[in-house]
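So the chains spell out like this:
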Amino acid sequence: MITIRKSEDRGHANHGWLDSYHSFSFASYYDPKHMGFRSLRVINEDTVNAGAGFGTHGHQDMEIITYVLEGALEHKDSIGNGEVIKPGEVQRMSAGTGIQHSEFNHSKTDSVHLLQIWIIPDTKGLQPSYEQRDFDVANNPGRLRLVAARDGRNGAVKVHQDVNLYAALLAKSDRVSYSVQPQRHAWVQVAGGAIVLNGLPLKHGDGAAISDESEIAIEATEKAEFLLFDLA
């Protein structure tokens, strides 16, 4: 079973400096039918104006993944990290018992476009921690690249939940497939371009919840970028 979450049906908030689309309920956007999928709680597509950003604020007991599509995002936190996140890099922040951080557009002239993802951890009260790695997805097109996993295998950032997250950049007509193990589920989020997923067309901003499917086949109908979550 595949249930499509259309881009235009997402929650939307435009704060002037921030234009944000919410796949699931977030902040002032509330839809009891869209509170998340499995352990996946938030997928926000954000565009932040030059020089603007999120001032210091706190999180607790959440795995937060940032995936930059265009531009650069500057991060600072209360456990001593100060980094700039660029396309191809993945940041994982485990909020655990509590962490304060800020996120600002690193550029004074160009906007930054990103996906921010929240995953509910399998354990509360963890020690806050941080990872950031460059997966160079653009220079490794046409395949699924594991970027986050509970065991941190193959160089992926480590998340405290039974989730495998893959990123892919496909040229037009490229195809990839993925086998979903029994009793597992998947979510595909199109970050750019357009694809066909098991015969169903998806465009930029669309998501798809996948259950009771043993195989996922994806073909790009134009240059496309997407994330695939394998979830318990």
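In what follows, the structure referred to is the one given above.
Quick look at the structure, then. Bear in mind that the values here come from a model prediction, so they are computed numbers and not experimental data.

For sheets, the rule is that strands pair by backbone hydrogen bonds, running either parallel or antiparallel. Pairing in this open sheet of 4 strands is antiparallel, and the strands run β5-β10-β7-β8 from one edge to the other. The open sheet is flanked by β5 (53-59) and β8 (82-85), the only strands paired with a single partner. Going from strand to strand, the sheet's axes swing by 20 degrees on average, the running direction of each strand aside. Both strand β7 (residues 73-77) and strand β10 (residues 99-105) contribute to a ladder of 5 bridges, which runs antiparallel. Bridge assignment links Glu74 to a residue of β10, and that residue is Phe104.

Here 7 strands make up an open sheet; going across it, the order is β2-β3-β4-β11-β6-β9-β12 and the pairing antiparallel. Looking at the sheet topology across the chains shown, the edges are occupied by β2 (11-14) and β12 (129-134). Neighbour-to-neighbour, the strand axes of this sheet turn through a mean angle of 15 degrees, independent of strand direction. Bridging between strand β4 (residues 40-48) and strand β11 (residues 112-119) involves 8 bridges; their strand directions are antiparallel. Looking at the pairing, Asn44 lines up with Gln116 of β11.

Below, the discussion takes up the packing of aromatic side chains. In this structure the tally under the stated criterion is 5 aromatic pairs. Among the aromatic residues, those joined into a cluster by ring pairs are Phe24, Phe37 and Trp187.

Conventions we followed
Residues numbered from 1 in each chain as written. Predicted model: local features only at pLDDT ≥ 70, side-chain atom pairs only at ≥ 80, totals over all residues. Heavy atoms only, no water. Pairing = 2+ DSSP bridges. Helix = DSSP H or I, 4+ residues; strand = E, 2+ residues; numbered from the N terminus. Axes fitted to C-alpha atoms, helices over the stretch in contact; angles between N-to-C directions. Phe/Tyr/Trp six-rings, centres within 6.5 Å; stacked < 30°, edge-to-face > 60°.

Spatial relationships are all this shows, so hold off on functional conclusions.
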